[in-house]
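Report on the structure
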Amino acid sequence: MKVLELCNVSFNYGNDKNKFVLNGINLSVDAGEHIAVTGETGSGKSTLLKVICGISIITAGKIKVVESDVNCIAISAVFQNPDNCFVSAFVLEDILFGLKNIGYNRAKGIDYAIELLKEFGLYEYKDCEINSLSGGQKQKLALLNALALNPKILILDEATSMLDNESARELFDVILKHQQNRNFALINITKKYDEIINAEKVLVLQRGQIVDFNKPEALISKNRYLKNLAPFSEKLAQKLINLDCDLPAFLSIKEVVK
Ligand SMILES: Nc1ncnc2c1ncn2[C@@H]1O[C@H](COP(=O)(O)OP(=O)(O)O)[C@@H](O)[C@H]1O
Ligand SMILES: [Mg+2]
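What counts and how
Residues numbered from 1 in each chain as written. Chains lettered and ligands numbered in written order. Predicted model: local features only at pLDDT ≥ 70, side-chain atom pairs only at ≥ 80, totals over all residues. Helix = DSSP H or I, 4+ residues; strand = E, 2+ residues; numbered from the N terminus. Rg over C-alpha atoms; globule rule 2.2 N^0.38 Å. Buried ≥ 20, exposed ≤ 12 C-beta atoms within 10 Å, placed from the backbone. Contact = placed C-beta atoms within 7 Å. Pairing = 2+ DSSP bridges. Axes fitted to C-alpha atoms, helices over the stretch in contact; angles between N-to-C directions. Parallel < 35°, antiparallel > 145°, perpendicular 65-115°, else oblique. Nonpolar A, V, L, I, M, F, W, Y, C, P; charged D, E, K, R; others polar. Expected span 1.5 Å × (residues − 1). Arc of directions from axis to C-beta. Near = placed C-beta within 6 Å. Core = buried A, V, L, I, M, F, W, Y, C linked by C-beta atoms within 7 Å. Domains from an automatic or database assignment.

As for the overall build of the chain
- Scanning the chain for helices and strands turns up 10 helices and nine strands.
- Expected size for 258 residues packed as a compact globule is a radius of gyration near 18 Å; at 19 Å, the chain falls within 12% of this value.
- Out of the 258 residues in the chain, the part that is buried amounts to 36%.
- The contacts in the chain between residues at least 6 apart in sequence include a share of 63% that link residues at least 24 apart.

Let's talk about the sheet that holds strand 1 (residues 2-11)
- Strand order in the open sheet formed by three strands is 2-1-4, and the pairing between neighbours is antiparallel. The open sheet has two free edges, formed respectively by strand 2 (22-30) and strand 4 (60-65), since each of these has just one partner strand. Neighbouring strand axes in the sheet, compared pairwise and without regard to direction, differ in orientation by 10° on average.

Quick notes on the packing of helix 4 (residues 135-148) against helix 5 (residues 165-182)
- The N-to-C vectors of helix 4 and helix 5 enclose an angle of 0°; their axes lie 12 Å apart at closest approach. Considered as vectors, helix 4 and helix 5 are oriented roughly parallel to each other. Together, Gly-136, Lys-140, Leu-143 and Leu-147 of helix 4 and Ser-167, Leu-171, Ile-175 and His-178 of helix 5 make up the contact between the two elements.
- Taken together, the residues of the contact of helix 4 with helix 5 sort by class into four nonpolar, three polar and one charged.

So, helix 3 (residues 106-119)
- In a regular helix each residue adds 1.5 Å, so 14 residues correspond to 20 Å; helix 3 covers 20 Å between its end C-alpha atoms and thus fits that length.
- Buried within helix 3 we find Gly-109, Ala-113, Leu-116 and Leu-117. What you see down the axis of helix 3 is that its buried residues fit within an arc of 100°, all on one side. Along helix 3, exposed side chains directed more than 90 degrees from the buried face belong to Ala-107, Lys-108, Asp-111, Glu-115 and Lys-118.

Description of the site of ligand 1
- By nearness alone, every residue bordering ligand 1 is listed as Tyr-13, Asn-15, Val-21, Gly-39, Thr-41, Gly-42, Ser-43, Gly-44, Lys-45, Ser-46 and Thr-47.
- Of the residues assigned to the shell around ligand 1, the class counts are two nonpolar, eight polar and one charged.

Brief notes about unusual backbone geometry
- Although it is not a glycine, Asn-150 sits at a positive phi angle of roughly 55°.
- Positioned with a positive phi, Asn-183 is a non-glycine residue whose angle comes to about 65°.
- Positionally, Asn-183 belongs in the loop between helix 5 and strand 7 (185-189).

Overview of the nonpolar core
- Counting 63 residues, the largest nonpolar core has Val-78, Leu-143, Ile-153 and Ile-155 as the members making the most contacts within it.
- A total of seven residues in this core trace back to one element, the largest contributor, which is helix 4.
- Once you skip the residues sitting within four places of it in the chain, Val-78 turns out to touch Cys-85, Ala-142, Leu-143, Ala-146, Leu-156, Asp-157 and Ala-159.

Quick word on the sheet that holds strand 8 (residues 201-206)
- Ordered by their spatial adjacency, six strands build an open sheet running 5-6-7-3-8-9, and the pairing between neighbours is mixed. One side of each edge strand has no neighbouring strand; the edge strands of this open sheet are strand 5 (75-78) and strand 9 (209-214). Averaged over all neighbouring strand pairs, the angle between strand axes comes to 15°, with direction disregarded.
- Across four bridges, strand 5 lies against strand 6 (residues 153-157) in parallel orientation. Residue Val-78 lies in a different strand from strand 6, and its bridge partner there is Leu-156.

Some remarks on the domain arrangement of the chain
- By domain assignment, the chain separates into domain 1 (2-219) and domain 2 (220-258).
- Of note, the centres of domain 1 and domain 2, computed from C-alpha atoms alone, are 29 Å apart.
- Across the boundary between the two partners, domain 1 contributes 12 residues, which contact 10 residues of domain 2.
- Elements that contribute at least two residues to the side of domain 1 that touches domain 2 include exactly helix 6 (193-196) and helix 7 (216-219).
- Considering every element that reaches the side of domain 1 that touches domain 2, the biggest residue donor is helix 7, with three residues.
- Across the side of domain 1 that touches domain 2, the residue classes tally to six nonpolar, two polar and four charged.

Structural data, given as structure tokens:
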């Protein structure tokens, strides 16, 4: 079942009518699909999120989004700056605000919020002011809030960028576990190589246009941007493959050395 469709979508910010920040975007996303969106800074990734959420109104084209249901919203998003993701001053209250909007009463909401806080490693901060959290903790809370709303489409905009690599990986695994259980579509805007290769498909944006959209293993040795993003072990593996060595895709540095 399709949950999102963009047909020939274009957008400009109005300051320069001739400069399209998004230009002729076509995209179709199925329920449960996992798509990574990547590309250089300024390529239009965050703008794509804003037009899908309806925060920015498109200049041309059409966007169709699945409808929300009982206890389930259509789209939930985590914005690049986590400070734009909160409505309350305190951690638990902020989660309860979201849950109230999808029909939880306070007692049921508190039980569910505490379960999620433990899962995201934020339980000890439940009564803290959001302002007192670190950037990484704010990103965890923003993600928790977005997942708690039980979306059909979850869009993340560089949502683990303030976390160290290990914490980012752990958090991403929590998201993937929820995705498997609930089958929501995941659109992950990211520049992290290990998140990109985890997706079913990778969309590469360049100056507001889709320049590649394919499985990660089909793009990783072809797309210039992804080639540069690859860690040393992957670059070495690709060189060995070019020399006719029989290596599978996506090896760790230890496996390449072996
Ligand atoms: N509010 C805005 N007003 C005018 N131009 C903007 C605004 N936000 C972003 N842009 C411009 O749109 C382009 C795409 O930005 P953005 O979508 O943030 O890219 P990315 O997320 O890939 O870094 C950039 O050239 C940026 O300068
Ligand atoms: Mg951005």
